[in-house]
Amino acid sequence: MFITLEGSEGAGKSTLIEHLKKYFLNKKIEFIFTKEPGATAEGAELRKILLDKTIELDSLSETFLLLADRLEHVRKIINPALEENKIVLSDRYLDSTYAYQGAGREINKDELDRFIKPLNFPEPDLTIYLDLPVDEGLKRAQGRDKLDRFEEEEIDFFERIRNAYLKLAKENSHRIFTIDSTNSETKVFELARDCIEKKLNES
Ligand code: Z5A
């Protein structure tokens, strides 16, 4: 089963993943935890460029680097694990590209699809989207020392991203489950756990 986690700045994905890791370990459920960008050795090099705020990238160049990272990720980690029937849990995946590059960088969806579709990336069975008002997410993220290339963007960029996620969730209700991330950490975990358990029982 392929599960992805999505959300904008500071939505709480990393926090939720720590709870889910403990839950899977306790339940002795075999899983692979992974993330984008940067899960493979090659992707880690691409991640450095993508997050480096001293590097100016054209939006399409940024997209191609993210797609190269995803191709390495899918071919070297995701597909082999799915073939072994493992649960794969990825922190960000395809919806991030539609939200950040599509809505955030304002690349037309048809143009994005022209590059993405031929790559045949597998569709997640379940996507958990953590929804948070932009100002709250930025407040949470700004607790960090250094902001990366994305985190330095204006508030409108993040508003477009949130709206795009909400639209994606509406259009893909068969796989995207939205959690209100203004809930407590524990409540967010419980909602995600219940949703994953339901999906596991169905499969
Ligand atoms: N990107 C892209 O543009 N296109 C793509 O296709 C892909 C990625 C795949 C990767 O950044 C960047 O790549 C990302 C999009 C872009 N940039 N942005 N922005 P990353 O991997 O470095 O970071 P991130 O994915 O954005 O995650 P994050 O900013 O670290 O946020 P998070 O993991 O969702 O949040 P967190 O670290 O779990 O929580 C933030 C704080 O909130 C922390 O202090 C927590 O203790 C607190 N928190 C968490 N949950 C709660 C609740 N429920 N209540 C209160 N406080 C909470």
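Refer to the structure printed above.
Computed from a predicted structure; not experimentally measured.

Caption draft 1: Spotlight on the pattern of salt bridges. Going through the model one piece at a time under the given rule, you end up with 23 salt bridges. A salt bridge links Arg-160 to Glu-106, with the nearest nitrogen and oxygen atoms 3.8 Å apart. In this pair, Arg-160 sits in helix α7 (residues 155-171) while Glu-106 sits in the loop between α4 (94-104) and α5 (109-116), placing the two residues 54 residues apart along the sequence. Note on Arg-160: relative accessible area 29%, which makes it partly exposed. A salt bridge links Lys-139 to Glu-136; its shortest N-O distance comes to 3.7 Å. Within this pair, Lys-139 and its partner Glu-136 are both found in helix α6 (residues 134-141), separated by three residues, close to a single helical turn.

Caption draft 2: Representation of empty space enclosed by the protein in the model. Enumeration over the complete set of coordinates arrives at two cavities of 30 Å³ or more. Estimated volume of the largest cavity: approximately 40 Å³. Along its surface, the largest cavity is lined by Ser-8, Glu-9, Leu-132, Pro-133, Val-134, Gly-137, Leu-138 and Phe-158. Looking at which element gives the most residues to the lining of the largest cavity, the answer is α6, with three residues. For the lining of the largest cavity, the per-class residue count stands at five nonpolar, two polar and one charged.

Caption draft 3: Spotlight on unusual backbone geometry. In this structure, the amide linkage connecting Glu-36 to the following residue, Pro-37, adopts the cis form with an omega of -10°. By the secondary structure assignment, Pro-37 is in the loop between β2 (31-35) and α2 (41-51). Positive phi values are uncommon outside glycine, yet Lys-28 reaches one of about 55°. Following the sequence through the fold, Lys-28 ends up in the loop between α1 (13-26) and β2.

Caption draft 4: Layout of the sheet that holds β2. Read from one edge of the open sheet, five strands run β2-β3-β1-β4-β5, paired in parallel fashion. Strands at the two margins of the open sheet, each flanked by one partner only, are β2 and β5 (176-180). Along the sheet, successive strands turn relative to each other by an average axial angle of 20°, direction set aside. Across five bridges, the pairing between β2 and strand β3 (residues 87-91) is parallel. Looking at the pairing, Lys-35 lines up with Asp-91 of β3. Contacts from α1 reach β1 (2-7), β2, β3 and β4 (126-131) within the one sheet, and its direction differs from that of β3 by about 165°.

Caption draft 5: Expanded view of the layout of surface pockets. Computed from the structure, the largest pocket encloses a volume of approximately 740 Å³. Glu-9, Lys-13, Arg-47, Arg-92 and Glu-151 are the residues nearest the centre of the largest pocket, which is lined by 33 residues in total. Going through the elements one at a time, α1, β2, α2, α3 (59-83), α4 and α6 are the ones with two or more residues in the lining of the largest pocket. At four residues, the largest contribution of residues to the lining of the largest pocket is made by α4. Across the lining of the largest pocket, the residue classes break down as 10 nonpolar, nine polar and 14 charged. Looking at the second largest pocket, its volume works out to about 290 Å³.

Caption draft 6: Layout of the site of the ligand. Taken together, 25 residues lie near the ligand, and Glu-9, Ser-14, Thr-15, Arg-92 and Thr-97 sit nearest. Gly-12 has a polar backbone atom sitting 2.9 Å from an oxygen atom of the ligand. In the environment of the ligand, a nitrogen atom lies 2.9 Å from a nitrogen or oxygen atom belonging to the backbone of Asn-183. When isolated, the ligand has an accessible area of 1,100 Å², and the protein chains bury 82% of it. In this structure the site holding the ligand corresponds to the largest pocket. Within the residue set of the shell around the ligand, elements represented by two or more residues are α1, α2, α3 and α4. With four residues, the single largest contributor to the shell around the ligand is α4. For the shell around the ligand, the per-class residue count stands at six nonpolar, 10 polar and nine charged.

Parameters at a glance
- Residues numbered from 1 in each chain as written.
- Predicted model: local features only at pLDDT ≥ 70, side-chain atom pairs only at ≥ 80, totals over all residues.
- Heavy atoms only, no water.
- Salt bridge = Lys/Arg side-chain N within 4 Å of Asp/Glu carboxyl O.
- Helix = DSSP H or I, 4+ residues; strand = E, 2+ residues; numbered from the N terminus.
- Buried < 20%, exposed > 50% of the residue type's maximum accessible area, 1.4 Å probe, protein only.
- 1 Å grid on protein atoms, 1.4 Å probe; cavity = no way out; pocket = protein on both sides within 12 Å on 5 of 7 lines; lining within 4 Å.
- Points joined across faces, edges and corners; volume = space filled by probe spheres on them.
- Nonpolar A, V, L, I, M, F, W, Y, C, P; charged D, E, K, R; others polar.
- Pairing = 2+ DSSP bridges.
- Axes fitted to C-alpha atoms, helices over the stretch in contact; angles between N-to-C directions.
- Contact = heavy atoms within 4.5 Å.
- Near = heavy atom within 4 Å.
- Polar contact = N/O pair within 3.5 Å; in protein donor to acceptor, adjacent residues only side chain to side chain.
- Areas by Shrake-Rupley, 256 points an atom, 1.4 Å probe, with all protein chains shown as cover.
- Sits in = over half its atoms within 2 Å of the grid points.

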